[in-house]
Amino acid sequence: MPLISSTEMLQTARRDQYAIAAFNVHTLEMLQAVVEAAVETESPLIIQTTVGTVNHLGPDYIAHAAKTAADLTDIPIVLHLDHCTDFSTIIRCIRAGYTSVMIDASMYPFEENVNLTRKVMEVAQASGVNVEAELGKVGGVEDDIVVEEQHASLADPEDCVQFVERTGVTTLAPAIGTAHGIYKGQPNIDFERIETIADRVSVPLVLHGGSGIPAEQIHRAVALGMSKVNIATELRIAFSEAIKDVFVIHPEENDPRKYMAPAKEAVKRLAMEKIRLCGSTGKAGVVR
Ligand SMILES: [Zn+2]
């Protein structure tokens, strides 16, 4: 089947109180690994790339690889652009075949965030592409976007209501205390805020900074209305550590297949674990 938009996939997840794990990939092997994980667990899948990866590999290579995955399997697959701050990259990715995009204008004042998100919505809707936007500021490091802890801020529930009404955005990422990267201590998630926002806003909500959040906290956030959980850092670490392990034992290795195979396997194992954690196992047929 072709790549699909995530709008309906996430609305179904929200209605049935599970989440879709969205995996950031950087290489063909990582993409194949998360696809295999979703096939084996019969889960819907969101593959996502940051702007850095779009610039590194080119949107066409990424989109073609994702389309091939969708063609070769019968699970619903979305290709999403993560944290994009500029309009022209969004257009490039939609043209290449991305079926979902995030406009991150969270660094601007509220009105500017509304205007930019509306502008993206107009273009995306015409192409049947889902749009995610951020309110408040998620802390940490995500590619080139660095938000120092003291500049991170939580989303205001009333702002969320106004924002969704005025932009018509189909997916919302409210900052609720998670951060990008690996947590130094325990994440400080404001569950009450998730509940209040989910109560007042009907669009699916997105949990950013999903790497390293304890299982019971993910379950709680999903039960309260988080319908997409982003996993980036943990996958990168699993991939890289598996490669490093090969070189510890075989420093002379120079066949990429020899060190990419265990790295792919490590990503697949972790992705399967995250899919189970999100509760989307066996849900492929619900969206299909
Ligand atoms: Zn994020």
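Structure report, in brief. Computed from a prediction, not measured in an experiment: that's the story for all the values here.

Turning our attention to the overall build of the protein chain. Along the backbone of the protein chain there are 12 helices and 10 strands. For a compact globule of 288 residues, the expected C-alpha radius of gyration is about 19 Å, and the protein chain comes in at 18 Å, within 12% of that figure. If you line up the protein chain on its principal axes, its C-alpha atoms span 55 × 40 × 35 Å. A burial count over the protein chain gives 51% of its 288 residues as buried. Long-range contacts, defined as pairs at least 24 residues apart, comprise 71% of the intrachain contacts of the protein chain with a sequence gap of at least 6.

Here we come to unusual backbone geometry. Here Gln17, not a glycine, exhibits a phi torsion of approximately 60°, which is positive. Mapped onto the elements, Gln17 comes out in the loop between α1 (6–16) and β1 (20–24). Although it is not a glycine, His83 sits at a positive phi angle of roughly 40°. Note on placement: His83 falls in strand β3 (residues 77–84). Judged by C-beta crowding, with 25 C-beta atoms within 10 Å, His83 ranks as buried.

For the rest of this paragraph, the subject is the nonpolar core. The biggest cluster of nonpolar side chains holds 93 residues, and the ones touching the most others in it are Val34, Val101 and Leu172. When residues in this core are grouped by element, the largest group, 9 residues, is from helix α11 (residues 256–278).

Moving on to the environment of Val54. Its place among the elements puts Val54 in helix α3 (residues 51–57). Between the C-alpha atoms of Val54 and Arg92, which are 38 residues apart in sequence, the distance is 9.7 Å. Ignoring sequence-local partners within four residues, the contact set of Val54 consists of Thr49, Pro59, Ile62, Leu81, Thr89 and Cys93.

Another point: the pairing of strand β10 (residues 226–231). Here β10 lies mainly inside the structure; 6 of its 6 residues are buried. As paired strands, β1 and β10 are joined by 4 bridges and run parallel to one another. Across the sheet, the residue bridging to Ile20 is Lys228, located in β10. Examined bridge by bridge, strand β9 (residues 205–207) and β10 share 3 bridges and lie parallel to one another.

Now for helix α5 (residues 87–96). All buried positions along α5 are accounted for by Ile90, Cys93 and Ile94. Angular distribution of buried residues about the axis of α5 spans 100°; they occupy a single face of the element. Facing away from the buried side of α5, by more than 90 degrees, are the exposed residues Ser88 and Arg95. Against the buried residues of α5 lie α3, α4 (59–72), β3, β4 (100–103) and α6 (110–126). Just beyond α5, the residue with positive phi is Gly97, at close to 125°.

Attention now moves to the environment of Leu205. Following the sequence through the fold, Leu205 ends up in strand β9. With 27 C-beta atoms counted inside 10 Å, the residue Leu205 sits in the buried group. Along the sequence, Leu205 and Ile176 sit 29 residues apart, while their C-alpha atoms lie 11 Å from each other. Leu205 has contacts with Leu172, Pro174, Ile197, Ala198, Gly225, Met226 and Ser227, leaving out every residue within four places of it along the chain.

Closest axis-to-axis distance for the helix α2 (residues 28–41)/α4 pair is 11 Å, and the angle between their directions is 25°. Relative to α4, α2 is oriented roughly parallel. Between α2 and α4 lies a crossing whose hand is right-handed. Taking contact as the criterion, the partners of Leu28, Leu31 and Val35 in α2 are, on α4, Ala65, Ala66 and Ala69.

This brings us to the environment of Pro2. In this structure, Pro2 sits in the segment before α1. Taking the C-alpha atoms as reference points, Pro2 and Ala63, separated by 61 residues in sequence, lie 11 Å from one another.

Taking burial as the measure, the 6 residues of strand β5 (residues 130–135) include 6 buried ones, the bulk of the element. Here β5 shows a buried face lined by Asn130, Glu132 and Glu134 and a second buried face lined by Val131, Ala133 and Leu135. Sheet topology note: the β4/β5 ladder contains 4 bridges and is parallel. Within the sheet, the bridge partner assigned to Ser100 lies in β5 and is Asn130. At this point the chain moves from β4, through α6, to the parallel β5, and the crossover so formed is right-handed. Here β5 pairs with strand β8 (residues 171–174) via 4 bridges, running parallel. Across the sheet, Glu132 pairs through a bridge with Thr171, a residue of β8.

Conventions we followed
Residues numbered from 1 in each chain as written. Predicted model: local features only at pLDDT ≥ 70, side-chain atom pairs only at ≥ 80, totals over all residues. Helix = DSSP H or I, 4+ residues; strand = E, 2+ residues; numbered from the N terminus. Rg over C-alpha atoms; globule rule 2.2 N^0.38 Å. Buried ≥ 20, exposed ≤ 12 C-beta atoms within 10 Å, placed from the backbone. Contact = placed C-beta atoms within 7 Å. Core = buried A, V, L, I, M, F, W, Y, C linked by C-beta atoms within 7 Å. Pairing = 2+ DSSP bridges. Arc of directions from axis to C-beta. Axes fitted to C-alpha atoms, helices over the stretch in contact; angles between N-to-C directions. Parallel < 35°, antiparallel > 145°, perpendicular 65-115°, else oblique. Left-handed = near helix turned anticlockwise from the far one by under 90°. Right-handed = clockwise from strand over helix to strand, strands pointing away.

None of this, on its own, says anything about what the molecule does.
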